[in-house]
Amino acid sequence: MTAPLLLQVEQLSWESLEHLIVALAREVEGAVRSRLYGRNGQKQHGIDVVGYFDDGSLTVYQAKWWQSFTADALSDAVRMYVEGTRPLRHSLVRCTT
């Protein structure tokens, strides 16, 4: 018997985690295209990855490392996104390790 295959995301660098989310947007969510958003050091208003879908919709993804994820943390993420100045007003997916 072999051990289950586990991806230990807490051991990934933040760059690797963002690239994993780009791949998940395509492979799991069905985005026709997905990409990293912004540049290093640029204020991104809570957006790390953008997924583009056949129907013209967008989903934005935010990646964060958390020891525990609370309702307040989710509220803060939504508030940062909604109050941001970026023009992407579609679905927000919060990805956490």
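Check the entry above for the structure.
Calculation notes
Residues numbered from 1 in each chain as written. Predicted model: local features only at pLDDT ≥ 70, side-chain atom pairs only at ≥ 80, totals over all residues. Heavy atoms only, no water. Core = buried A, V, L, I, M, F, W, Y, C linked by side-chain atoms within 4.5 Å. Buried < 20%, exposed > 50% of the residue type's maximum accessible area, 1.4 Å probe, protein only. Helix = DSSP H or I, 4+ residues; strand = E, 2+ residues; numbered from the N terminus. Contact = heavy atoms within 4.5 Å. Expected span 1.5 Å × (residues − 1). Arc of directions from axis to C-beta. Pairing = 2+ DSSP bridges. Axes fitted to C-alpha atoms, helices over the stretch in contact; angles between N-to-C directions.

*Asks:* Help me get a handle on the nonpolar core, residues and values and all.
*Replies:* Leu 17, Ile 21, Val 22, Ala 25, Ala 31, Val 49, Phe 53, Tyr 61 and Ala 63 form the largest nonpolar core, which has 9 residues in total. Those elements giving two or more residues to this core turn out to be α1 (14–27) and β3 (58–64). Here this core gets 4 residues from one element, more than from any other, and that element is α1. One finds Tyr 37, Ile 47, Val 50 and Tyr 81 within the second-largest nonpolar core, a separate group that totals 7 residues.

*Asks:* How would you sum up the side chain of Thr 59? Please name residues and give values.
*Replies:* Structurally, Thr 59 can be placed in strand β3. Residue Thr 59 is classed as buried on the basis of its relative accessible area, which comes to 9%. Ignoring any residue separated from it by four or fewer positions in sequence, one finds Thr 59 in contact with Glu 29, Val 49, Val 50, Gly 51, Phe 53, Ser 91 and Val 93.

*Asks:* How would you explain α1 if you had to name every residue and give the values?
*Replies:* Between the first and last C-alpha of α1 there are 20 Å, a value that for 14 residues agrees with the 20 Å anticipated at 1.5 Å per step. The set of residues buried in α1 consists of Leu 17, Glu 18, Ile 21, Val 22 and Ala 25. Projected down its long axis, α1 carries its buried residues within an arc of 150 degrees, all on one side. On its buried face, α1 sits against β1 (33–36), β2 (49–52), β3 and β4 (91–96).

*Asks:* Quick one: what's the story with the sheet that holds β2, residue by residue and with numbers?
*Replies:* A sheet is described by the order of its strands in space; here 4 strands give the open sequence β1-β2-β3-β4, paired in mixed fashion. The open sheet has two free edges, formed respectively by β1 and β4, since each of these has just one partner strand. Taking each pair of neighbouring strands and ignoring which way they run, the sheet shows an average axis angle of 20 degrees. Pairing between β1 and β2: 4 bridges, direction antiparallel. Directly across from Ser 34, in β2, lies its bridge partner Gly 51. Contacting β1, β2, β3 and β4, α1 crosses the sheet at an angle of about 170 degrees to β1. Sitting on the sheet, helix α2 (residues 71–83) is in contact with β3 and β4, with an inclination near 135 degrees to β4.

*Asks:* Break down α2 for me, citing the residues and quoting the values.
*Replies:* Within an α-helix, residues lying three or four positions from one another point in the same direction, as the helix has 3.6 residues per turn. End to end, α2 covers 18 Å across 13 residues, agreeing with the expected 18 Å (1.5 Å per residue, within 8%). By the burial criterion, the buried members of α2 are Ala 73, Ala 77 and Tyr 81. Buried residues of α2, viewed axially, fall in a sector of 70 degrees; they line one side. Opposite the packed face of α2, turned more than 90 degrees from it, sit the exposed residues Ala 71, Asp 72, Val 82 and Glu 83. Here the buried face of α2 lies against β3 and β4.

In short, shape yes, function no, at least from these values alone.
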